[in-house]
Amino acid sequence: MGIGSIGIPGLILILVIALVVFGPKKLPEIGNAFGKTLLEFKKGTKELTDSLEEPFQDDGEKKKA
């Protein structure tokens with residue numbers, strides 16, 4: 001039983017609990033911070049994978065660039 005098996009009802013329950021705990025004024029700030037964190041994580045992983053793939057590229061491609 002992993003995080004993928006939460007489903008829609010479980011997600012709604014989590015959101016309702018978060019609304020009760022943090023309040024309606026704080027919830028958008030938390031969502032915004034979470035979104036920025038995910039964006040930075042995605043950007044960081046892309047940079048990492050790009051830097052790891054670079055040495056494996058064909059030498060002909062590097063000379064053209």
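Please refer to the structure placed before this passage.
The paragraphs below set out a description of the structure included in this document. (Residues numbered from 1 in each chain as written. Predicted model: local features only at pLDDT ≥ 70, side-chain atom pairs only at ≥ 80, totals over all residues. Heavy atoms only, no water.)

1. Some points on the overall build of the protein
Okay, step 1: The secondary structure content of the protein amounts to three helices and zero strands.
Okay, step 2: Counting all 65 residues of the protein, 3% fall into the buried class. (Helix = DSSP H or I, 4+ residues; strand = E, 2+ residues; numbered from the N terminus. Buried < 20%, exposed > 50% of the residue type's maximum accessible area, 1.4 Å probe, protein only.)

2. Structural notes on the layout of surface pockets
Empty space among the atoms can be located by rolling a probe the size of a water molecule over them.
Okay, step 1: What the largest pocket holds in volume is close to 230 Å³.
Okay, step 2: For the largest pocket, the full set of lining residues is Leu-11, Ile-14, Leu-15, Ala-18, Phe-22, Leu-27, Ile-30, Gly-31 and Phe-34.
Okay, step 3: Among the elements that take part in the lining of the largest pocket, helix H1 (residues 7-22) stands out by supplying five residues, more than any other.
Okay, step 4: The residue makeup of the lining of the largest pocket, split by class, is eight nonpolar, one polar and no charged. (1 Å grid on protein atoms, 1.4 Å probe; cavity = no way out; pocket = protein on both sides within 12 Å on 5 of 7 lines; lining within 4 Å. Points joined across faces, edges and corners; volume = space filled by probe spheres on them. Nonpolar A, V, L, I, M, F, W, Y, C, P; charged D, E, K, R; others polar.)

3. Structural notes on a nonpolar patch on the surface
Okay, step 1: Together, Leu-13, Ile-17, Val-21, Phe-22 and Ile-30 make up an exposed nonpolar region whose accessible area comes to about 480 Å².
Okay, step 2: In terms of residue count, H1 provides more of the nonpolar patch than any other element does, four residues in total. (Patch = residues over 30% accessible without salt bridge, like charges linked within 9 Å, V, L, I, M, F, W, Y side chains within 5 Å. Areas by Shrake-Rupley, 256 points an atom, 1.4 Å probe, with all protein chains shown as cover. Salt bridge = Lys/Arg side-chain N within 4 Å of Asp/Glu carboxyl O.)

4. So, the pattern of salt bridges
Okay, step 1: In the structure shown here, the tally under the stated rule is two salt bridges.
Okay, step 2: For Lys-26, the salt bridge is made with Glu-29, and the minimal N-O distance between the two is 3.5 Å.
Okay, step 3: Ionic pairing is found between Lys-46 and Asp-50, a salt bridge with its closest N-O pair at 3.2 Å. Pair noted here: Lys-46 and Asp-50 are both in helix H2 (residues 27-53), with a separation of four residues, about one helical turn.
Okay, step 4: Here Lys-46 falls in the exposed class, since its relative accessible area comes to 51%.

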